[in-house]
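# Inside the fold
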Amino acid sequence: MTDIVPVRRALISLSDKSGLEELAAGLARHGVEIVSTGGTAAKLREFGGDVRDVSDLTGFPEMMDGRVKTLHPKVHGGLLGVRDNPEHAAAMEQHGIAPIDLVVVNLYPFLNTVMSGADRDTIIENIDIGGPSMVRSAAKNHAYVACLTDPADYATLLEQLDSNGGTTLEFRKKLAAKAFALTAAYDSTISQWFAFADQGERWPQTWTRASTLKMPLRYGENPHQQAALYLPVGPAARGVAQAEQVQGKELSYNNLNDANAALELVAEFRDGPPTIVIVKHANPCGVATRGSLLDAWTEALACDSVSAFGGIVASNRPLDAATAEAITDIFTEVVVAPDADAEAKTIFAKKKNLRLLLTGELPDPRRGGQTLAIIAGGILMQDRDNGMVTRDQLKVVTKRQPTEQELNDCLFAWTVAKHVKSNAIVYAKDGVTAGIGAGQMNRRDSARIAAIRAQEAAEANGWPEPRTVGSAVASDAFFPFADGLLAAAEAGATAVIQPGGSIRDDEVIAAADEAGLAMVFTGMRHFRH
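Residues numbered from 1 in each chain as written. Predicted model: local features only at pLDDT ≥ 70, side-chain atom pairs only at ≥ 80, totals over all residues. Heavy atoms only, no water.

## Digging into the side chain of D476
Checked against the element boundaries, D476 lands in the loop between β19 (472-475) and α18 (482-490). The buried category is assigned to D476, whose relative accessible area is 0%. A distance of 2.5 Å separates the side chain of D476 from the side chain of S422, its partner in a polar contact. Among the polar contacts listed, one links the side chain of D476 to the backbone nitrogen of A424, at a separation of 3.3 Å. (Helix = DSSP H or I, 4+ residues; strand = E, 2+ residues; numbered from the N terminus. Buried < 20%, exposed > 50% of the residue type's maximum accessible area, 1.4 Å probe, protein only. Polar contact = N/O pair within 3.5 Å; in protein donor to acceptor, adjacent residues only side chain to side chain.)

## Some words on the packing of helix α8 (residues 130-140) against helix α10 (residues 169-198)
Where α8 meets α10, the closest approach of the two axes is 9 Å, and the angle between their N-to-C directions is 150°. One finds that α8 runs roughly antiparallel with respect to α10. In this structure, α8 crosses over α10, and the sense of that crossing is left-handed. In contact with P132, V135, R136, A139 and K140 of α8, α10 contributes A176, A179, F180, T183 and Y186. Here the contact of α8 with α10 is built from residues that sort into 7 nonpolar, 1 polar and 2 charged. (Axes fitted to C-alpha atoms, helices over the stretch in contact; angles between N-to-C directions. Parallel < 35°, antiparallel > 145°, perpendicular 65-115°, else oblique. Left-handed = near helix turned anticlockwise from the far one by under 90°. Contact = heavy atoms within 4.5 Å. Nonpolar A, V, L, I, M, F, W, Y, C, P; charged D, E, K, R; others polar.)

## A word on the packing of aromatic side chains
If you walk through the whole model with that rule in mind, you get 7 aromatic pairs. Centroid distance F110 to W193: 6.1 Å. Interplanar angle 85°. Geometry classified as edge-to-face. Here W193 lies in helix α10 and F110 lies in helix α6 (residues 110-115), a separation of 83 residues in the sequence. For the pair shown, F110 and W193 are each scored as buried. Among the aromatic residues, those joined into a cluster by ring pairs are F110, Y186, W193 and F194. (Phe/Tyr/Trp six-rings, centres within 6.5 Å; stacked < 30°, edge-to-face > 60°.)

## Topic: unusual backbone geometry
The linkage connecting S422 with the following residue, N423, adopts the cis geometry, with an omega of -10°. By the secondary structure assignment, N423 is in the loop between α16 (404-417) and β17 (425-429). Within the chain, H281 stands out as a residue other than glycine whose phi angle is a positive 50°. Residue position: H281 is located in the loop between β9 (275-280) and β10 (283-289). Residue H281 is classed as exposed on the basis of its relative accessible area of 62%. The backbone of A282 sits at a positive phi, close to 70°, despite the residue not being glycine. Here A282 shows up in the loop between β9 and β10.

## Let's talk about the packing of helix α17 (residues 443-461) against α18
Closest axis-to-axis distance for the α17/α18 pair is 8 Å, and the angle between their directions is 10°. With respect to α18, the element α17 is oriented roughly parallel. Counted together, R444, A447 and R448 of α17 and D483, G484, A487 and A488 of α18 form the full contact between these two elements.

Interpretation in functional terms is not warranted from these geometric data alone.
Given below as C-alpha cells:
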C-alpha cells in the first residue's frame, strides 16, 4: 500500500454539479483524463473540457433510460483492482481494464424528490444504483482510489495534487469514511420511505436512522462525558438544534437539553397570548400567560425566583427590549424565542455569556414522530407525547361543577404538567403557575413540595397568601390514594384535573366532594420519566 497515488484518470458522475467547473479546470491542469456520464459529460463540455464518455470506456451505450451505464467490469474492475496484486494486474491487462484513480460522485436526489410530493414512479426512478455502487467500490479500494462525494472536498483534492502530485493515504481514508456514511444514510432514507410511506408499517423489522454532525459539545451532562449534537437527515421539526445562536458561550449538552424542554412547553402556547416559560434541569419552575411578554416574565419569575437563577427562558413571541432588560436582571443561561428585535439583541449582548437562540418559528406540539431512549442492550422507541384534551373531553366527576375560571386554570395546569417530570403536580391560577412539584417517588410529596414553593413565593413577594389558594391543581397521572389530593386541598386548591382510572377513584372522588373540590377527569395521562 503506497501513500501518494497519482491521479491519471477520474470518473465523474454528478447530480449536484456545484463546484464542477473549478474541479474540472484543476484536474485538466494536472493532465487528468476525465471519464463521465450523461448530463455531467455535457456540462463538462460546456466548460470546454476534454471528456471521454463512459460508453467509450465500456464499449456499451448508456441504456434503459440511463439505468445502466457504469455497471460494467471496465468501470468496477478499474476501481476495485489491487494495483500491486499480480493476479489483479494480469486480469486487468488481459481484459483491457484501465485503472481509475479518482471517483467524483454524488447521488440522485431521492429525499428531495420525496419531499417535493412526487408520485411513486418518479420516486423509484430517483433511487440511485450505479452511483452508490461506484462509491462503494472506490471507497473499499481506498488504498489506491480517492472517492469524493462532497463538493467541500474538491479544494483539498486540488491542493494535494498541487503539493504532492497525488492523493495521500490519510486523505483517501477520510474520503472512504465519508463515502460509506453517505451510502448508509442514503439507503436508510430509502428504507424508511419504503417502510413508512410506501408500505404503511408502524414498527419495521429493521429501522435505521441517519444523522449528521452539527457540532461537538464541550462535554455531556458531566465534564468527564464527551458529547455532540447531531441533526437528522431528512425532514424534522425546527427546534433548538436548528436555531441561530446569536451570541453567548458555546452550548453544552445540558444547555441544549434544558432549552429543548423550555421550547417544547412554550410551543404549547404558540397560538395563545404572550407566554414565558422558565426551566431548570429540564423541569419548568415558572410559566405565565399575560397581555405582554414583560408581564408574563414577571409572573413566571415570581413563581420560583430561586430556581430561576441560572435557568432557561423561552418565549412564544419575538422578544422586545423591556422583556430583555428584565430577563438580564438575573443570571440566565439560555434564552430561546422565535425572534428578538434589534434593541433586545443589543441588551442581551451586554451579557456576553448568555446564549440567545432564535428558532424562527415554534414546533407544532401536535406533530407526530418518535422519541427514543438507549437502555442496556437495546433501544426504546415510542410515539412522542402529542396528546391533548379539550374542554369538551373533560368529565366532571364531583358533585360541584367547576367554574369557568377553574376550567381555564385546570387546562393551563394540565398543559404545564405534561412537561414536568413524574410524579408531577402543578398548581395554577389565572394563567400563572402557583407551585410545581416534580420528579418525586410519590404524588403526595409532589403536592406538598409544590405547596412549599408557593408559600416561599408568597413570602418573597409579600403576598398575603400563596397563589395555591383558589387555584386549580393538575396531576399527570391518577391519584392512587386520596392523600395527594388532600394535600392539594390543604394548600388551598379548589379544582382538580387528573386522568382518573385508579381502582380507588371512588375514594378519591368522595374525598374531593367532602373537601368541596370540583374535579375533572381527562382519561389521558402524561408520565414523563
